[in-house]
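In case you want the letters, here they are:
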Amino acid sequence: METNSIIELNKKYSEAELAKEISTIKNDDVAFAENGKLLFPKIVYPDNLDEIEFDESYEYDYTQRYKVELKNSAMFFKNAIEKITGDSSELITKSIYNGEKAIILEIDESLKISRQGYVLDINENNIRISSVFEQGITNGIFSFLENYLGCMFPAPDCDYIPRLSDIHFSKVHIEDEPDIMWRSVYTQSSEKDPSHYNKKDYLGWHTKLRLNGAGSDDLGNGCHSSFNYISPDEYYKEHPEYFSFYMGRRVYKQGPVSGQLCWTNEDVYKIISEKLFRQMEENPEVHIWDVSQMDTWINRGVGCKCKKCREIDKREKSQMGSLLTFINRLADECAQRFPNNYISTLAYNYTVKPPKHIRPRRNVLIKLCLMPGNAASSYANPSGKWAKNAHNVVRKWSKIADNIMIWDYNVDYHGYFIPFPLIRSMSENNKFYIDNNAYAIFHQMAYETRAQDAELHAYLFSKLMWDKRANVEALARKYLDVYYQEAADYIAKLYNLVDKNIQKSAQPLYIYAQPDAYRAGYLSDRCLKEYANILDEALNAVKDNEELTERVRREKLGILYVKAKKFSFDTKGRLKALDEFYEICKENAITGIVEGKPNFIEEFYKTTKKEIRTLIPSKTTSIAFAQSIRFGFHKVFHKIIGSK
């Protein structure tokens, strides 16, 4: 299996080279700045943005949020240009603009472009960023800062803005639209918090990354939404027939997982359709509305087994049959009343298999969940059972569905800090999704907290979803140089080595694995020692810089977590790793380290310390050993004996 490096070493990004390139005058170039003096000193923005006032009494208005976002972005744009050149700039409204050289931000409803896209014109008189919608202009601002002025936004707390005194642009006219229309990276750091919009200086990282799915933009009800419409608390006592028939009776719970609705019940349709269309009337800015099954586990939980539902599912050879029949009926009514809206639903666990005969309507969005997946493999050219399963599911749904949302899982949910490198397959997977009718992509990582390499992965995912041709390896190299600076080569070396060891082991990266599952592979004692040595070198390289030292220390969390969690008789080493892991988490306000437990750090610290001291494996450790066997690592115990 191929094990070449994914991030090139010793090929550093250089601000000096950027300055040299951008200052070079070519034929008919437009001079933007000379000797630190701005030649386009004004930024012109739409008059209606002045209607937005920033004070503590401001209440979040869903219909105004894009105007708020654009006004914040225009102010950021001004400040960034001033930092780049050292010269002052002025932000003015269109009504007082008198035609001098300026950067013009404008709404142009005549453009034939999506709400996400923008048009950029650069000539000797002005630089114009225009769109049919405020969010498109915002996207254009940050595209311009990155693509033309070399800026980068690698983390919520880090904006890289180079210093450039001479700047020249070629004359251009481009129309730029994203390759994926709805783009979300579900992490804590890329989510927007609407309550912050009243703060004058607020600008979310999601905006800089051009993620329109963050904070569930343009998506009503999220997912697992059916009980939002018909809740057991309100309806079950008097109308158990609204709920799934399971093991001989109507239930809203199926053991440890949720029950479902009965999709063939006429009253269920009336209640949901009435509530749904009322929501659409009250929220005209939202265009995707979810009606989907409740959450289940793999191989746990099923749909309704009443006679009517069972007949449809039997005919369709899938339990998606009864659900999609219901969704299509909603979609037909929606098309008549709200022709620009979509109805979304989940293809997840027991509904992931496409139906044999019926097809989703054109205004239905299938949220296709690639569970359990395998992050160590490409899905376009899969290796292993789980990757092949993901490939086949995407291909089968793409043949019958016009619009698919790929629900991609990109972290280990049993340990957010277990190293989980993703760069190798990013580009190939992204293109595979686009080639198979992906309208939207939802990259789910750790929402509750920071996770291992979450910012790097979020940044790269955002670039690919906008432009499928983006050079991920080059972007990753610049990212490391900007964010880690003198430690960049060491972090690149670490990432390459982790990836190489994963490829060498040929083990799948499973989203619900414990570190012990990989004790004979990329998380062996020998590998952990190599990773730790590299990080020690990285720390030494930035020892005189407190900020960079903290960034590298956060990178240590993955190795420390695995060392503390993975069973071994190195009691002293495990306790030391646990203490340092706990210390770094506390310093960074990290409390959630596994899915569904946002305040787990204290419990983890106490129970793991007790386990180490007593040398008695915990229940989760025993499960992890069982997982190792399940994964087919038949020689694992022999390798444990020989590991160093």
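Before reading on, note that the structure itself is shown above.
All figures in this text were calculated on a predicted structure; none of them were measured in a lab.

## Focus: the packing of helix α2 (residues 65–85) against helix α3 (residues 134–147)
1) Next: In contact at an axis separation of 9 Å, α2 and α3 are set at 20 degrees when each is read in the N-to-C sense. Taken as axis vectors, α2 and α3 run roughly parallel relative to one another. Between α2 and α3 lies a crossing of left-handed hand. The residues of α3 that touch α2, namely those facing Y66, K67, E69, L70, S73, A74, F76, F77 and A80, are E134, Q135, I137, T138, I141, F142, F144 and L145.

## Considering the sheet that holds strand β19 (residues 342–347)
1) Next: Within the open sheet, the seven strands sit side by side as β12-β22-β21-β20-β19-β18-β13. Their pairing is parallel. The strands lining the two open edges of the sheet, one partner per strand, are β12 (182–186) and β13 (219–220).
2) Next: Pairing geometry for strand β20 (residues 364–369) and strand β21 (residues 404–409), over four bridges, is parallel. By the bridge assignment, C369 is partnered in β21 with W407.
3) Next: The strands touched by helix α12 (residues 454–466) are β12 and β22 (438–444); relative to β12, the strand with the most contacts, the crossing angle is about 170 degrees.

## Remarks on the sheet that holds strand β4 (residues 90–93)
1) Next: The six strands lie next to each other as β4-β3-β5-β7-β6-β11, forming an open sheet whose pairing is mixed. Strand pairing shows two members of the sheet lacking a second neighbour, β4 and β11 (172–176), which therefore form its edges. Across the sheet, the mean angle separating the axes of adjacent strands is 15 degrees when strand polarity is ignored.
2) Next: As paired strands, strand β5 (residues 102–107) and strand β7 (residues 126–131) are joined by six bridges and run parallel to one another. Residue I107 lies in a different strand from β7, and its bridge partner there is S131.
3) Next: Across the sheet, α3 touches β5, β6 (118–122), β7 and β11, and the angle it forms with β7 is around 140 degrees.

## Some thoughts on the packing of helix α11 (residues 423–435) against α12
Helix-helix packing: each pair is described by the crossing angle between the helix axes and the interaxial distance.
1) Next: At their nearest, the axes of α11 and α12 sit 10 Å apart, and the two run at 25 degrees to each other. It follows from the interaxial angle that α11 and α12 lie roughly parallel. The element α11 and its partner α12 pack so that their crossing is right-handed. Contact residues: I423, M426, S427 and N430 in α11; L456, H457, L460, F461, L464 and M465 in α12.

## A short note on helix α8 (residues 307–316)
1) Next: For α8, every residue scored as buried is listed here: C309, I312, D313 and E316. What you see down the axis of α8 is that its buried residues fit within an arc of 95 degrees, all on one side. Exposed and facing more than 90 degrees away from the buried side of α8 are K307 and K314.
2) Next: Considering only its buried residues, α8 is in contact with α9 (320–337).
3) Next: A positive backbone phi angle near 60 degrees is found at K317, which sits one or two residues after α8.

## Re the environment of K572
1) Next: Here K572 lies in helix α18 (residues 571–587).
2) Next: We classify K572 as exposed; its relative accessible area is 75%.

## Things to note about a positive patch on the surface
1) Next: Positive charge collects at one region of the surface, where K305, K307, R310, K314, K317, K353, K356, R395, K396 and K399 lie side by side.
2) Next: Listing elements by their share of the positive patch, those giving two or more residues are α8 and α10 (385–398).

## Description of unusual backbone geometry
1) Next: Between M371 and P372 the backbone carries a cis peptide bond, its omega angle lying at 0 degrees.
2) Next: Position of P372 among the secondary structure elements: in the loop between β20 and α10.
3) Next: Of note, R210 is a non-glycine position whose phi angle comes to about 60 degrees, a positive value.
4) Next: Structurally, R210 can be placed in the loop between α4 (205–208) and β13.
5) Next: Positive phi outside glycine occurs at A589, with the angle close to 55 degrees.
6) Next: Mapped onto the elements of the fold, A589 is located in the loop between α18 and α19 (601–614).
7) Next: A residue is classified by how much of its surface remains accessible, and A589, at 63% relative accessible area, is exposed.

## Some words on the pattern of salt bridges
1) Next: Going through the model one piece at a time under the given rule, you end up with 36 salt bridges.
2) Next: A salt bridge links E124 to K171; its shortest N-O distance comes to 3.0 Å. With E124 in the loop between β6 and β7 and K171 in the loop between β10 (167–169) and β11, this pair connects stretches of sequence that are 47 residues apart.
3) Next: Assessed through its relative accessible area of 38%, E124 is described here as partly exposed.

## Some thoughts on the pairing of β7
1) Next: Among the six residues in β7, five count as buried, and that is most of the element.
2) Next: Sheet topology places β6 next to β7; four bridges connect them, and they run antiparallel. Bridging across to β7, V119 finds its partner in S130.
3) Next: Here β6 hands over to β7 after three residues, the two strands then running antiparallel side by side.

Criteria and cut-off values
- Residues numbered from 1 in each chain as written.
- Predicted model: local features only at pLDDT ≥ 70, side-chain atom pairs only at ≥ 80, totals over all residues.
- Heavy atoms only, no water.
- Axes fitted to C-alpha atoms, helices over the stretch in contact; angles between N-to-C directions.
- Helix = DSSP H or I, 4+ residues; strand = E, 2+ residues; numbered from the N terminus.
- Parallel < 35°, antiparallel > 145°, perpendicular 65-115°, else oblique.
- Left-handed = near helix turned anticlockwise from the far one by under 90°.
- Contact = heavy atoms within 4.5 Å.
- Pairing = 2+ DSSP bridges.
- Buried < 20%, exposed > 50% of the residue type's maximum accessible area, 1.4 Å probe, protein only.
- Arc of directions from axis to C-beta.
- Patch = residues over 30% accessible without salt bridge, like charges linked within 9 Å, V, L, I, M, F, W, Y side chains within 5 Å.
- Areas by Shrake-Rupley, 256 points an atom, 1.4 Å probe, with all protein chains shown as cover.
- Salt bridge = Lys/Arg side-chain N within 4 Å of Asp/Glu carboxyl O.
- Lys, Arg positive; Asp, Glu negative; His and termini not counted.
- Charge placed at Lys NZ, Arg CZ, Asp CG, Glu CD.

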